[in-house]
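Now for the letters of each chain:
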Amino acid sequence: MMKIQILISKSSWANTYKKEIFSKLKEFSKSVIFLHNHKELKDNYDINIIFSYFKIVPKIYLKKSKVNLIPHESNLPKGKGMSPLTWQILEGKKKIFFSLIEANSKIDNGVVYYKKIKTIPKDFLFDEIKKIQLDENLKLIVKFIKFYKRKNKAPKSKIQIGKSTFYKKRVPKNSEIKIKNSILSQFNLLRIVDNKNYPAYFTIYGKKYILKISKS
């Protein structure tokens, strides 16, 4: 049985889905551990999955595992960086690329193992969007692990070709609703905000008001 460790930032949405992640991977490994800091990574592991982790992992820590996988939601090399799925929905995109790459010392710069396209329904809200993100990423990860287990090596990969573009880190200011703009024009923003951690808001008469959205 191979050994798998999974790196997730403490503040990431992905922590909500640890049970689902474990249930998908337990058939491949009796040793699946979740970590929140790359300095805690264990030596001599087969696979390290860097799943929604907000820091670059130095090369010395990547060496602790034979393979270091990053699921990323863009058509790399376009859309490197933070929250690519969120930014693309805000751009009005419905068809999203999901990529699985090898981690290296640069941001989202490693070789690409797999890519696939998934349509995000235009009426989906945050939790529904994140569930798609989870499911599609896990499909690619499981596909990789099955190949790795059968062949005892990684599948063929391709280097990234083309000009890189980058998305910046989202901050609370990015969840601000403009009171003079229509709801329709800002619906993509409303549906990607996390009601709990970074809800939508607007400011009027010097006061800040919180908006939370859910389906009736």
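Each value, and the rule that gives it
Residue positions within a chain follow its written sequence, with the count starting from 1. Only residues with pLDDT of 70 or above have their local features reported here, since the model is predicted, and side-chain atom pairs are shown and tallied only from 80 upward, although totals for entire chains, interfaces and linings are computed over all residues. Note: side-chain values were computed over all heavy atoms of the structure, leaving out hydrogens and water. The term nonpolar core refers to a set of buried residues drawn from Ala, Val, Leu, Ile, Met, Phe, Trp, Tyr and Cys, joined through side-chain atoms within 4.5 Å. Throughout, exposure labels follow a simple rule: accessible area from a 1.4 Å probe, protein chains only, divided by the maximum for the residue type, with under 20% read as buried, over 50% as exposed, and the rest as partly exposed. Counting from the N terminus, the helices are the DSSP runs of H or I reaching at least four residues and the strands are the DSSP runs of E reaching at least two. Contacts: residue pairs with any heavy atoms within 4.5 Å of one another. Note: two strands are recorded as paired if DSSP finds a minimum of 2 bridges between them. Fitting a line to C-alpha atoms yields each axis, with helices limited to the stretch in contact; the angle taken between N-to-C directions then spans 0 to 180 degrees. The rule for a salt bridge is simple: a side-chain nitrogen of Lys or Arg has to be within 4 Å of a carboxyl oxygen of Asp or Glu.

### Details of the nonpolar core
Stage number 1. Grouped together as the largest cluster of nonpolar side chains are 42 residues, with contacts concentrated most on I4, I6, L25, I47, F51, F144 and I145.
Stage number 2. When residues of this core are assigned to their parent elements, the largest contribution, twelve residues, is made by helix α4 (residues 126-151).
Stage number 3. Sequence-distant contacts of I145, defined by excluding residues within four places in its chain, comprise M2, I4, L25, F28 and I47.
Stage number 4. Residues I50, I101, A103 and V112 belong to the second largest nonpolar core, which totals 13 residues.

### Examining the sheet that holds strand β6 (residues 95-102)
Stage number 1. Spatial ordering of the open sheet is given by β2-β1-β3-β4-β6-β7, a layout of six strands whose pairing is mixed. The sheet terminates laterally at β2 (31-35) and β7 (112-119), the two strands that pair on one side only. Ignoring which end each strand starts from, the neighbouring axes of this sheet average 20° apart.
Stage number 2. Looking at chain direction, β6 and β7 are connected through seven bridges and run antiparallel. If you follow L100 over to β7, its bridge partner there is Y114.
Stage number 3. Across the face of the sheet, helix α1 (residues 18-25) comes into contact with β1 (3-7), β2 and β3 (45-50) while running at roughly 155° to β2.

### Observations concerning the pattern of salt bridges
Stage number 1. Within the structure shown, the criterion is met by ten salt bridges.
Stage number 2. Between K131 and D135 there is a salt bridge, and its shortest N-O distance comes to 3.0 Å. Residue K131 and its partner D135 are both found in helix α4; the two are separated by four residues, about one turn of the helix.
Stage number 3. On the basis of relative accessibility, which here comes to 34%, the residue K131 falls in the partly exposed class.
Stage number 4. For E176, the salt bridge goes to K178, with nearest N and O atoms at 3.7 Å.
Stage number 5. Of the residues examined, E176 reaches a relative accessible area of 16% and is grouped as buried.
Stage number 6. Linked through salt bridges whose partners overlap, the residues forming this network are K116, E136 and K139.

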